[in-house]
Each structure stands twice: as structure tokens, then as C-alpha cells.
Amino acid sequence: MCGIIGIIGKNDISDRLLNGLKNLEYRGYDSAGIATIHDKEIHRRRAEGKLINLSHEVSKHPIKGSLGIGHTRWATHGVPNETNAHPHATNMVAAVHNGIIENFQTIKEELGLLGYKFQSDTDSEAIVHLISYYLDKGLSPKEAFSNSLNRLEGAYAIALIFSSNCEKIYGARSGSPLAVGWGDNEMFLGSDAAALSNETTNISYLEEGDLVELSRDGANFWNKLGEEVKRDIVESKFNPIQIGKGNFPHYMLKEIYEQPTVIGDTLNTFFNPADSEIKLPSLGVNLAKISKVTIVACGSSYYAGLVAKFWIERYARVSVEVDISSEFRYRETPLPKDGLTLFISQSGETADTLAALRYAKSQSQHIVSLVNVRESTIARESDGLLLINAGPEIGVASTKAFTCQLVALAVFTISLGVSKKIIDKNESKKLSKAISEVSSKIADILQDDLQIKSISDNFSDVSNVLYIARGSEYPIALEGALKLKEVSYIHSEGFAAGELKHGPIALIEKGVPVIVIAPEGPLYEKTISNMQEVIARGAKVIIITDSDKLGDLDKKVWKIVSMPKVDNFVNPILYSIPVQLIAYHVAVSRGADVDQPRNLAKSVTVE
Ligand code: F6R
């Protein structure tokens, strides 16, 4: 979603603002802009579309100034055009904003009556007019800012510059993250550490309700009560090399190929390969006493939760409820007293998941989160943390974070089963061994990428694709369909294979590709029967299987993706890889923007 950068430097900084915005492209955006202060005036350049348009604009009409702010906007209120792009400005103040100001209409009407002229359709523009109103009343920039914050309802991270002062940048957060970067006589603001990774790795994170004032030699912080406070400086793990594409044409492909490594890294944090013993970090809860687990997440993270439901119920015999964050938070779900609620979020910043977490907290739940970003808001508001080690995921479609989530959930399942004495020592060793072999098995699957590519190239011109599977692979059918629709824009749906004849089979007509995920195991024969039903109705079947006993089915299916044989437990992790590759190759062959698909944002910080 929207991204923020702010720099208070020594020389002209427009190029550095643009470079910072480049690091934020992965979050998803549809317009961008920068503003600086020079000669006591605000200088602003904005452009619709990709950053290249803004760069051209800045090359044609350069701006001076050693202090400034920049923004990538993902439209919420008002279409993505230049007028709605940030920074918004009056002649006194310029602001960039992430989040949604819910009472902007009231503020707009009030200030409109007092003669303040709004140019855009955005909620964010209310911020600069409100601040200007307080400046007009004679308040200092900081007072005008904090008085305005008191009036704003909703979620925000804001960065501000004032034409009267080329020595200070201000920032504030409530609901949306904001980070301060510490440089050498230079200071920075960013919506995340990635924005600042060209400049510094020394980062302080604002707490909820904080206001910060940056000058060249440091930062002063105030908390939501207006008290001056200190915020720790931590070392960010982001570095520009890590967020480069290397030799890969797209981040998505790079991240798919990183999976053997990052799954190993994730496993190493929970698992001692020498004795195959699993060591979960302390989650602050007695796993032996847990009678129910509630899992809450969005999108791919929700599908990881669905796999965990299958695993935890099957292997640890604990009942699991999985919910979509945006539904859970408003459903007033009854939760067991002192129950365990597990939140899964790659970014750790998803607004709906965070709100759901706060609801669960208000219901005295024990909160554990599974995230990829230690400093994220969700991680910081949790009682216990399962941290995956996927490294920064830049491609908007989740790949490596999803499989690392599965690895952490598999480890959690074993620990829970052992604590509840459902999984004995031998079973625990067997399951742990299966997980420890996942990295090398994925490396084997990646060796077949060319074959998967050639299969994918064959159905890049279709308009519908179905995915079917059963059991723990059913969520992978959902994930495969999500991946394909996200990056290729082909309509695709995942179904539990047994559900087909209750409705979805009506979609089958001659030539519709159906991707069947069918590892050998207790549900194999049943899945194959469902596959026969779609073949009989003209579907073109691509079967992903480890079976070498297809017999005459070999001639009936259109294509086969062969998989290595592994313990059934880890099949959902392995079968994620071909569905990711299919989505990637189909999208590339259709010429889609794989890393930044239309309308999508990486970190969804609005409801
Ligand atoms: C799909 C995808 C999204 C995210 C969802 C939740 O490829 O990436 O569906 O999984 O937006 O994001 P996090 O995990 O950051 O809470």
C-alpha cells in the first residue's frame, strides 16, 4: 500500500527521495509524488502511474531543497491521478499520508465554510488544511500538527514539511507504521525499513500515538499523552542487496527459488538438526492445556491457516477454527476463556488482522502471532511470537513467506501434539525428519521448472482455470487459484474435489483447464474419481502428483507434473511450488506485471 519517505539531508535530495520511493514500489501504488522546501517555499512534483513518470517530471522540472518528503499512493478515496497524488499542500505545509482519515468529510465541510479550498477528492488533503487552519490561528508547526492529530479519526502515518522551516520534518503514527532512520547528520522517515535501506540501517519505530520531530542532528519523540519519550534504535535487517532482483527477471521468481534456503533458515530457528528436536520459542502459554486454537489471517496467510487446521486437528487432535480477519473482527465470535488465538501475517501490518488481534485481546485471549517482520505492529502487540525467516518478500504475490509460514505451522503442530502426548517420540522424529527434508525436495522440484513453464505456456490464453484437491492439499488448491488470478488476471477458483458435483462442475466445458493436486495417500483414489468426472465433461486436466501408477489415465490427462515422494504430512508445502510456478509462467507469458499486479498492495494497511 502507500509508502512514505522523508529526508532531511545536507544537499539537494530530490534524487534520493525518488530512490527511496523505488524501494517502496513493491508495496503497490498507482501514483507518486515528492515535495521539498527551498527558499521558504514548497516545491512539489507529482505524477499518475509508475515512478518512471514522476522521474521524467522531476528531470523536466527539477526541484531544489535539502529537506523533503515523498509518497507512493494506492488509491482509496479518489481516482489515481496527479491531483489526488500526494504530497498534498497549502502554501504553508505539505503532507504525505498512509491510512484513511474517516472524518475527512466533516473536516472538509467545516474548513470549506471558513474559506479553505480543497483541490482533490482525497481524505488526506484534510490534513494540510487542518494544519493550515491552526497555523493561521498563530500556533507553531508542532502545536498545529498535534492539535490536528487530536481531530483526526481513522488510521494514519503522516510526514510533514513546513515552508517556514527548512530544518525540521514532522511525523506521527496511529494505526499505520512509521520508522525513523538515523544517519550521519541526516535523518529520515519511512513507512518501513525498506524505504530507508539506501540510507541507513539504524531505525527507531514510532509507537501508536507517537509524534516525532526530526532535525539534522536527531529526533525528539512524544507519546500519545504528549510526554517526551525515547525510542530505541535497532539495526534493520533490510539491505539494498537483499531487496535486489539478482539475476532473476522478477522478484516473484527469485523468491520462489529462494525457498529451499529460507525454509532451511526458518526451520533452523525452531529445530536442532543434530537431534531432530523441535524447540519452539516460549509462547507464554502451556500448550498441554490448550483445548482449542483460533487462527485468524487474510489471503494466502489465511490459506496457511487452513492447512494448519488440517494438521493440528489430524496430528495434535486439538480442534481449530480458522477465520478471515475482516470477518472475525466484526463477528463478535465467542472465544474460550484464556484461549489461544494465532494471527498469521507475513507483513505483520495488515489492518484487518491487527484489528482482529485487538478484539481477541479484549476478550482475554492469549495472542500468538506468526510473522516475517519482528518489528511489525502485530508482532509487538502479541504475547508470543513465531518468527519466520523468509527475508524481505518484495513480489506482491506471497510465495516464500507462505511456505515458511507452513513450515512454522508444521513445527507448531508437532510441539502441540507432543505437549498433549498425542504425538509420541517416534512419530515426532518421523514428522520432524519429513520437514527437515523439505528444502532439498523443493530444490528437486525447481529442477523441473522448464517443464512446468512449457506446460504453463500452453494455457496462457484461457479465461477460466479450476484447481481441485482434497484434505490438506485443498487449501493449496485455493492458494494456487489465488496466485494465478493475482498475477495473470485469469479467473480461477479452487474447490474441494468432493464439492465439485454440488455445483462447481457446471463450470466445466470442453477445454477448461483443471489443475488436480493429487498426492498418493488416503484421499488419492477419491481425488482421481473427481478428476475422471471433469475429464468426462471435456476438461483439460493437469495433474500434479507423485503417483507412478496412473495407468491408462496417463492418456486421458492433458499434462502431468511429477512430484517427489515424501511423507504426506509435508505435501502441502511441496505442492505449493508447482502452483506458484504455474501462476508465474502463465502471467509472464501474458505480459502481466508479475511483481506489481494491478490494484494490489503488498501490505494492506487499510480496512
Ligand atoms: C497473496 C497475498 C495476500 C496476503 C494477504 C495478507 O499472494 O500475498 O493474500 O497473504 O494480504 O497479508 P499478510 O500476510 O501480510 O497479513
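Just so it is clear, the structure is predicted and the values come from calculations on it, not from any experiment.

### Focus: unusual backbone geometry
Next up, step 1: The linkage connecting histidine 86 with the following residue, proline 87, adopts the cis geometry, with an omega of -5 degrees.
Next up, step 2: Notably, lysine 421 is not glycine yet its phi reads approximately 60 degrees, a positive angle.
Next up, step 3: Looking at the element boundaries, lysine 421 is found in the loop between helix 12 (400–419) and helix 13 (425–436).
Next up, step 4: The exposure class of lysine 421 is exposed, given its relative accessible area of 73%.
Next up, step 5: Of note, the phi angle at asparagine 599 is positive, near 70 degrees, even though the residue is not glycine.
Next up, step 6: Along the chain, asparagine 599 turns up in the segment after helix 19 (571–589).

### Description of the domain arrangement of the protein chain
Where the parts come together, the accessible area they lose is often given as the size of the interface.
Next up, step 1: Parsing the protein chain into structural domains produces domain 1 (3–243), domain 2 (248–436) and domain 3 (441–607).
Next up, step 2: A straight line from the C-alpha centre of domain 1 to that of domain 3 covers 43 Å.
Next up, step 3: The interface of domain 1 with domain 3 comprises 12 residues on the first partner and nine residues on the second.
Next up, step 4: Summed over both partners, the interface of domain 1 with domain 3 buries about 870 Å², with 54% contributed by carbon and sulfur atoms.
Next up, step 5: Counting the surface domain 1 buries against domain 3, the share from its top three residues, Tyr26, Arg27 and Trp74, is 48%.
Next up, step 6: Our enumeration of links across domain 1 and domain 3 arrives at one salt bridge.
Next up, step 7: The salt bridge involving aspartate 593 is made with lysine 50; its shortest N-O contact spans 3.7 Å.
Next up, step 8: Our count for the contact surface shared by domain 1 and domain 3 stands at two residue pairs in polar contact (both at pLDDT 80 or more).
Next up, step 9: Residues belonging to the side of domain 1 that touches domain 3 are distributed by class as follows: five nonpolar, four polar and three charged.

### Side note on the packing of helix 7 (residues 259–268) against helix 14 (residues 438–447)
Next up, step 1: Contact pair helix 7 / helix 14: the axes reach a minimum separation of 8 Å and the direction vectors enclose 170 degrees. Taken together, helix 7 and helix 14 sit at an angle that is classed as roughly antiparallel. Along the contact surface, helix 7 presents Gln259, Pro260, Ile263 and Gly264, while helix 14 presents Val438, Ser439, Ile442, Ala443 and Leu446.
Next up, step 2: Looking at the contact of helix 7 with helix 14 residue by residue, the class counts come to six nonpolar, three polar and no charged.

### A word on the pattern of salt bridges
Next up, step 1: Under the criterion given, the structure shown has 27 salt bridges.
Next up, step 2: For arginine 216, the salt bridge goes to glutamate 167, with nearest N and O atoms at 3.0 Å. Of the two residues, arginine 216 is situated in the loop between strand 12 (211–215) and strand 13 (218–222) and glutamate 167 in strand 8 (residues 165–174); the sequence distance between them amounts to 49 residues.
Next up, step 3: According to the relative accessible area criterion, arginine 216 is buried, its value standing at 18%.
Next up, step 4: Owing to a relative accessible area of 41%, glutamate 167 belongs among the partly exposed residues under this scheme.
Next up, step 5: Two residues, arginine 329 and aspartate 352, come together in a salt bridge whose shortest N-O distance is 2.9 Å. Linking arginine 329 in helix 9 (residues 325–331) with aspartate 352 in helix 10 (residues 351–362), this pair joins segments that are 23 residues apart in sequence.

What counts, and where the lines are drawn
Residues numbered from 1 in each chain as written. Predicted model: local features only at pLDDT ≥ 70, side-chain atom pairs only at ≥ 80, totals over all residues. Heavy atoms only, no water. Helix = DSSP H or I, 4+ residues; strand = E, 2+ residues; numbered from the N terminus. Buried < 20%, exposed > 50% of the residue type's maximum accessible area, 1.4 Å probe, protein only. Domains from an automatic or database assignment. Contact = heavy atoms within 4.5 Å. Buried area = accessible area lost by both parts, 1.4 Å probe. Salt bridge = Lys/Arg side-chain N within 4 Å of Asp/Glu carboxyl O. Polar contact = N/O pair within 3.5 Å; in protein donor to acceptor, adjacent residues only side chain to side chain. Nonpolar A, V, L, I, M, F, W, Y, C, P; charged D, E, K, R; others polar. Axes fitted to C-alpha atoms, helices over the stretch in contact; angles between N-to-C directions. Parallel < 35°, antiparallel > 145°, perpendicular 65-115°, else oblique.

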